[in-house]
Number of protein chains: 2
Amino acid sequence: MSITSFHQLAEITPHPNKVRIGVVYANDLAALQSLFDKTIRLHVFPVLIGPKKKIFQQMEERNYTDYPYELVEAANEEAAAQIGTQLVHEKKIDCLMKGHLQTRTFLKAIVSKEQGLVSDSLLSHISVNQLPNYHKLLLTTDGGMVAAPTYEEKKKLLHHAITVMQSLGIKKPKIGVLGATELVNPNIQSSVEAEKLMIEFEEKFSDKCFIDGPISLDLALSQEIASIKEYTSAVAGDADILLGPDITTMNVLGKSMTLLAKGKMAGLIMGAQIPIILTSRGSDAEEKKNAILLAMSVSRGGEI
Amino acid sequence: MSITSFHQLAEITPHPNKVRIGVVYANDLAALQSLFDKTIRLHVFPVLIGPKKKIFQQMEERNYTDYPYELVEAANEEAAAQIGTQLVHEKKIDCLMKGHLQTRTFLKAIVSKEQGLVSDSLLSHISVNQLPNYHKLLLTTDGGMVAAPTYEEKKKLLHHAITVMQSLGIKKPKIGVLGATELVNPNIQSSVEAEKLMIEFEEKFSDKCFIDGPISLDLALSQEIASIKEYTSAVAGDADILLGPDITTMNVLGKSMTLLAKGKMAGLIMGAQIPIILTSRGSDAEEKKNAILLAMSVSRGGEI
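Criteria and thresholds
- Residues numbered from 1 in each chain as written.
- Chains lettered and ligands numbered in written order.
- Predicted model: local features only at pLDDT ≥ 70, side-chain atom pairs only at ≥ 80, totals over all residues.
- Heavy atoms only, no water.
- Helix = DSSP H or I, 4+ residues; strand = E, 2+ residues; numbered from the N terminus.
- Least-squares fit on C-alpha atoms with pLDDT ≥ 70 in both.
- Phe/Tyr/Trp six-rings, centres within 6.5 Å; stacked < 30°, edge-to-face > 60°.
- Buried < 20%, exposed > 50% of the residue type's maximum accessible area, 1.4 Å probe, protein only.
- Lys NZ or Arg CZ within 6 Å of the ring centre and 35° of its normal.

1. With respect to unusual backbone geometry
For the bond from A:Gly213 to A:Pro214, the omega torsion is -10°, close enough to zero to count as cis. Mapped onto the elements, A:Pro214 comes out in strand β8 (residues 210-215). Of note, the amide linkage connecting B:Thr141 to B:Asp142 takes the cis form, showing an omega dihedral of 0°. Inspection of the secondary structure assignment puts B:Asp142 in the loop between β6 (138-141) and α6 (151-167). Its identity is not glycine, yet A:Lys262 carries a phi of approximately 55°, on the positive side.

2. A look at the relation of the copies chain B and chain A
Mapping chain B onto chain A leaves a residual RMSD of 0.0 Å; the transformation is a rotation of 180° accompanied by 0.0 Å of translation along its axis. Here the copies are linked by what is in effect a two-fold axis.

3. Overview of the packing of aromatic side chains
Residues and elements named next belong to chain A. Applying the stated criterion across every chain yields a total of 7 aromatic pairs over all chains. Between Phe36 and Tyr64, the ring centres sit 4.8 Å apart and the planes meet at 15°, which makes this aromatic pair stacked. With Phe36 in the loop between α2 (29-35) and β2 (44-50) and Tyr64 in the loop between α3 (52-61) and β3 (70-73), this pair connects stretches of sequence that are 28 residues apart. We classify Phe36 as buried; its relative accessible area is 2%. Assessed through its relative accessible area of 11%, Tyr64 is described here as buried. An aromatic cluster is present here, built from Phe36, Tyr64, Tyr67 and Tyr69 joined pairwise through their rings. The positively charged end of Lys172 is found above the aromatic ring belonging to Phe210, 4.2 Å away from the centroid.

Following this line, the structure appears as structure tokens:
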């Protein structure tokens, strides 16, 4: 089984228990549009945290007030972020989403030692990409959160990525650990670590994934090129997950996918008690919608 | 002025002095096809080095023997590579092109201390990309040669890139030094160096280029995103050159451009006495043709 589009995630049968999404500082039109979108609202129950009056007004203008939702008053960004994490601790929400506030303020509450939500000592950024020129959804990590992952951190990035892919129904996702070539070059630390990751994951987690590394992008994604170069592996031409050496490589790849390859992207933060939706300033309602669909699937842990 | 396609390079008026391209181990059908292509042969004079009989036979089969060319006998790959460099020293050829031999053997002759061709203490790889979703040719470096450039090496990469762009008629190319964001992060060495490069080049080479760094891929290439993020610079949304932090980032970007963004690529090695065409195993005649057009322009140093 493989998933080829975000649209497929929207087509699943509504679950009797809706996923409760807490939106921090929900006075954000694009966020509201995505939450009350006709396919999304079948699956989610929005818990909107922020200035009640302002949010209600935005909802009324769009005729969203007829659908189920909850409003929780918060006077400012900091208060909203704190209430959001509190509601997670009280098991009242299943996902947290950033609304109209500074990323810094939002994350500060999540990583707070007292009341924060970090469960895995590392938050990571996952991008799931739908590409016109690739035959299924492709997960890339980490292009947004962990600047220069150590070897131990790369293992966590992989576990987060596997969790996401498994929740999308891919039981044994195929992982490519990216390099400039398929050869290990002792002068390129990331290529050495790529091979080490492959060996360790093949030994310990062969029931959870296929893995190959270092592998170049073309060998990971193109069966045709793998065949020309006579390169065979379980991953070649069919990767579900791409792990990169650092944030710059994966940020550049991610942006080239949306900008030059006209892909669609859904982003997610993993490593907290619940999946976190953190879309950027420039994200439109569709990008937010795709991120909600993804978070919803992860939150349900594979009940897709 | 800006160049939007390789096709434009082919449309220039033939120069009375053809560019003499030495092909090392020229018994390579894709290389011959590209050299005798009807647009290319107006501009180049092929000097074909290798097993004469075999090359002649391949040419006869395709009816290429009526066009001007020269055959130089070489018994094996090593001999061909050595003759190629010798002919450069004798000023008998203007460009060198890899034919049907190991890259290692080809490069060994070029970097040889006795008879090699290295003029700048560093060979670098330049990719020029024609992309369906970008408004002009885009140069990226270095995704193929220099694994982990030092600060001093990055300056050389930039000089090579500027030379190439200027030979294409872009008098003051716009350079983006890539980062994950536009902010300098002391934990990310490449972002620190990106800013340092910007300051140094603005001070010393403001007549030769515009430069911005660190800059993210979307800000460098998309005027729309730069405008949403209220980011202004001479480079934003209009980069001619992208310098990356290391080979993996730029290799991944290059491959995503050809594979996912359906771009066309021409590769070139700079830093030798003459431009060097080193296309990969998988390259077809069109890719070789584009590389020849590019090398031709660089060889003529801007007489386009």
